[in-house]
Amino acid sequence: MAQRIIDGVLSALAGLVSVLLSWPYWRDFEYWPESHAMWWLYIAVGYVLAVYVFYVFLGSLRTLFLHDEQARPDAGRDGLAREERP
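Report on the accompanying structure. Owing to the predicted nature of the structure, the values given are computational and were not obtained by experimental measurement.

This brings us to the side chain of Asp7. By secondary structure assignment, the location of Asp7 is in helix H1 (residues 2–21). Aside from chain neighbours lying at most four places away, what touches Asp7 is Tyr55, Leu58 and Arg62.

Here we take up helix H2 (residues 36–71). The first and last C-alpha atoms of H2 sit 52 Å apart over 36 residues, in line with the 52 Å expected at 1.5 Å per residue. Every buried residue belonging to H2 is among Trp39, Ile43, Ala50 and Leu58, and all of these are buried. Against H1 lie the buried residues of H2.

Turning our attention to H1. Here H1 contains 20 residues, and its C-alpha end-to-end distance of 29 Å stays within 8% of the 28 Å for a straight helix at 1.5 Å per residue. Of all the residues in H1, the buried ones are Asp7, Ser11, Gly15 and Val19. The buried residues of H1 occupy one face: seen down the axis, they fall within an arc of 100 degrees. Those residues of H1 that are exposed and angled more than 90 degrees off the buried face are Ala2, Ile5 and Leu21.

This paragraph deals with the pattern of salt bridges. In total, this model carries one salt bridge according to the counting rule given. Between Arg62 and Asp7 there is a salt bridge, with the nearest N and O atoms lying 2.8 Å from each other. Remark: Asp7 occurs in helix H1 and Arg62 occurs in helix H2; sequence separation between them is 55 residues. The class of Arg62 is partly exposed, set by a relative accessible area of 29%. Asp7 sits in the buried class, given a relative accessible area of 5%.

In this section: the environment of Ile6. Assignment of secondary structure puts Ile6 in helix H1. Overall, Ile6 belongs to the partly exposed group, its relative accessible area being 45%.

Attention shifts here to the packing of H1 against H2. Where H1 contacts H2, the axes come no closer than 8 Å and their chain directions differ by 135 degrees. Between H1 and H2, the angle falls in the class oblique. Every pair of crossing elements has a handedness; the one defined by H1 and H2 is right-handed. Between H1, through Gln3, Arg4, Asp7, Gly8, Leu10, Ser11, Ala12, Ala14, Gly15, Leu16, Ser18 and Val19, and H2, the contact on the second element is made entirely by Ile43, Tyr47, Ala50, Val51, Phe54, Tyr55, Leu58 and Arg62. For the contact of H1 with H2, a count of residues per class yields twelve nonpolar, five polar and three charged.

Quick notes on the rules
Residues numbered from 1 in each chain as written. Predicted model: local features only at pLDDT ≥ 70, side-chain atom pairs only at ≥ 80, totals over all residues. Heavy atoms only, no water. Helix = DSSP H or I, 4+ residues; strand = E, 2+ residues; numbered from the N terminus. Contact = heavy atoms within 4.5 Å. Expected span 1.5 Å × (residues − 1). Buried < 20%, exposed > 50% of the residue type's maximum accessible area, 1.4 Å probe, protein only. Arc of directions from axis to C-beta. Salt bridge = Lys/Arg side-chain N within 4 Å of Asp/Glu carboxyl O. Axes fitted to C-alpha atoms, helices over the stretch in contact; angles between N-to-C directions. Parallel < 35°, antiparallel > 145°, perpendicular 65-115°, else oblique. Left-handed = near helix turned anticlockwise from the far one by under 90°. Nonpolar A, V, L, I, M, F, W, Y, C, P; charged D, E, K, R; others polar.

Structure representation (structure tokens):
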């Protein structure tokens, strides 16, 4: 459960950074829309999608590392302990 909370917080922060990077202020207001309501809808939908993509990415990354760890014959602490013995 703690891992899901950490992933959620990291995803929310990464989504916020993504939205701030796409803010039109940084691009001299080149594509500022006519309707402010549609602009806020665009920002909200973009933020939700960014959080979802980052959350799925972190889950996939964890699965990838777990599979890599299982693929090694002497993975983990036991493998390290065996390597240190003479």
